[in-house]
Amino acid sequence: MAELFNFWMAIVAGCGLAYWLLERAAPLSLASGGAGVGTGGWGLVSAMYFSAVTATSVGYGDIVPTGIARLLAVAESMAGLILFGCVVSKFVSRRQEQLIDNIHHIAFEERLGRVRTNLLLVRAELQATARLCEGREIAPPEAVARVESAAMVFVGELHAVHDLLYRPQQAPEEAVLEGLLAGVTSVFREFLELLTCVQARRAERTAPLAASTAAMARLARDICGDCVPREYAPALRTWMDQIQRMAGDVEQI
């Protein structure tokens, strides 16, 4: 924006100097009240004044170009309008960019909030399902259905965490990311314990549960301290490594 404005000012100054030189070469190139503006200091001031009102298309009419100065005035007015419009457009676009950044920030914070909330809900659902299995050798159908549903939601949140680590266009603060990784680890632990009682063996899993556990393991294998493209604090890398190890545990069950 500053470059555009400086360029516009340079055009005004350059054309003003050109008008003054034309007045020196051909008197009455700029006429005011039937006489030329002159070639002295006031003539230069008058030429700069005429250039400014021409560039802004004000055109008071107190100074009139004649001869070749008319062509220069037309060219200057067109260039001045275009550049002035670009400056105004840049002002507007800058404000739009600020609004869009604010919207993206709000949407990003809402997304993080949804991930945190869903991880808590999945963990609570897995704990409730584990209570249904207590004291039973065969898990009730209700428990199986609840595990399938929780597993699908958990895979969706793993996708979100995976994107935060691999495509960090707007990375969260480390404390927020550590909380998310801790939540993922906690849910993984609950899920592993529950698989031991709800048709745990791979051959016994239903198709939705098998698909969810396969996706879960695939995503978690990519979450480790040495896998992600960005360098993180040691505490975060520890959580990532735990998640990767749990991916192997899911595959072994």
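The coordinates are above.
Thresholds applied
- Residues numbered from 1 in each chain as written.
- Predicted model: local features only at pLDDT ≥ 70, side-chain atom pairs only at ≥ 80, totals over all residues.
- Heavy atoms only, no water.
- Helix = DSSP H or I, 4+ residues; strand = E, 2+ residues; numbered from the N terminus.
- Rg over C-alpha atoms; globule rule 2.2 N^0.38 Å.
- Buried < 20%, exposed > 50% of the residue type's maximum accessible area, 1.4 Å probe, protein only.
- Contact = heavy atoms within 4.5 Å.
- Areas by Shrake-Rupley, 256 points an atom, 1.4 Å probe, with all protein chains shown as cover.
- Lys, Arg positive; Asp, Glu negative; His and termini not counted.
- Charge placed at Lys NZ, Arg CZ, Asp CG, Glu CD.
- Core = buried A, V, L, I, M, F, W, Y, C linked by side-chain atoms within 4.5 Å.
- Phe/Tyr/Trp six-rings, centres within 6.5 Å; stacked < 30°, edge-to-face > 60°.
- Pairing = 2+ DSSP bridges.
- Disulfide = S-S within 2.5 Å.

Chemist: Which residues make up the overall build of the protein, and what are the values?
Modeler: For the protein, the count of helices and strands is 7 helices and 3 strands. Going residue by residue from the N terminus, the α and β elements of the protein occur as α-β-β-α-β-α-α-α-α-α. Computed over C-alpha atoms, the radius of gyration of the protein comes to 36 Å, more than 25% over the 18 Å expected from 2.2 N^0.38 for 253 residues, which places it beyond the range of a compact globule. C-alpha extents for the protein along the principal axes are approximately 110 × 35 × 25 Å. Across the 253 residues of the protein, 36% fall into the buried class. Excluding contacts between residues fewer than 6 apart, the proportion of contacts in the protein whose partners are at least 24 apart in sequence is 72%. Of the accessible surface of the protein, which amounts to about 14,000 Å², a share of 60% is contributed by carbon and sulfur atoms. Of note, the protein has its 22 positive side-chain charges centred 1 Å away from the centre of its 27 negative side-chain charges.

Chemist: Give me the nonpolar core: which residues, what numbers.
Modeler: In terms of nonpolar packing, the biggest core is built from 42 residues, with F154, L165 and F188 touching the most fellow members. Where this core is concerned, the elements lending two or more residues are α3 (68-133), α4 (141-166), α5 (174-195), α6 (207-221) and α7 (234-252). Considering every element that reaches this core, the biggest residue donor is α4, with 11 residues. Sequence-distant contacts of F188, that is, excluding residues within four places in its chain, are made with F154, L158, M216, A220, I243, M246 and V250. In terms of nonpolar packing, the next biggest core, distinct from the first, is built from 16 residues, C15, F50, V53 and A55 among them.

Chemist: Hey, could you go over unusual backbone geometry for me, with residue numbers and the actual values?
Modeler: Residue L28 is not a glycine yet carries a positive backbone phi of 70°. Tracing the chain through its elements places L28 in the loop between α1 (2-25) and β1 (30-32). Residue class for L28 comes out partly exposed when judged on its relative accessible area of 40%.

Chemist: Which residues make up the packing of aromatic side chains, and what are the values?
Modeler: Across all of its chains, the model carries 3 aromatic pairs by this definition. Look at Y19 and F50: their rings are 5.0 Å apart centre to centre, the planes differ by 75°, and that puts the pair in the edge-to-face class. Note that Y19 is positioned in helix α1 and F50 in helix α2 (residues 41-55), a separation of 31 residues in sequence. A relative accessible area of 0% means that Y19 is categorised as buried.

Chemist: Give me the lowdown on the sheet that holds strand β3 (residues 64-65), citing residues and values where you can.
Modeler: Note: strands within a sheet are paired through backbone hydrogen bonds, in either parallel or antiparallel orientation. Here we have 3 strands laid out as an open sheet, ordered β2-β1-β3, and antiparallel in their pairing. The open sheet is flanked by β2 (35-36) and β3, the only strands paired with a single partner. Relative to β2, β1 is paired through 2 bridges, and the arrangement is antiparallel. Paired with S32 across the bridge in β2 is A35.

Chemist: Give me the state of the cysteines: which residues, what numbers.
Modeler: Evaluation of the coordinates by the stated rule reveals 1 disulfide. No disulfide involves C86; its sulfur sits 16 Å from the nearest other cysteine sulfur, which is in C15.

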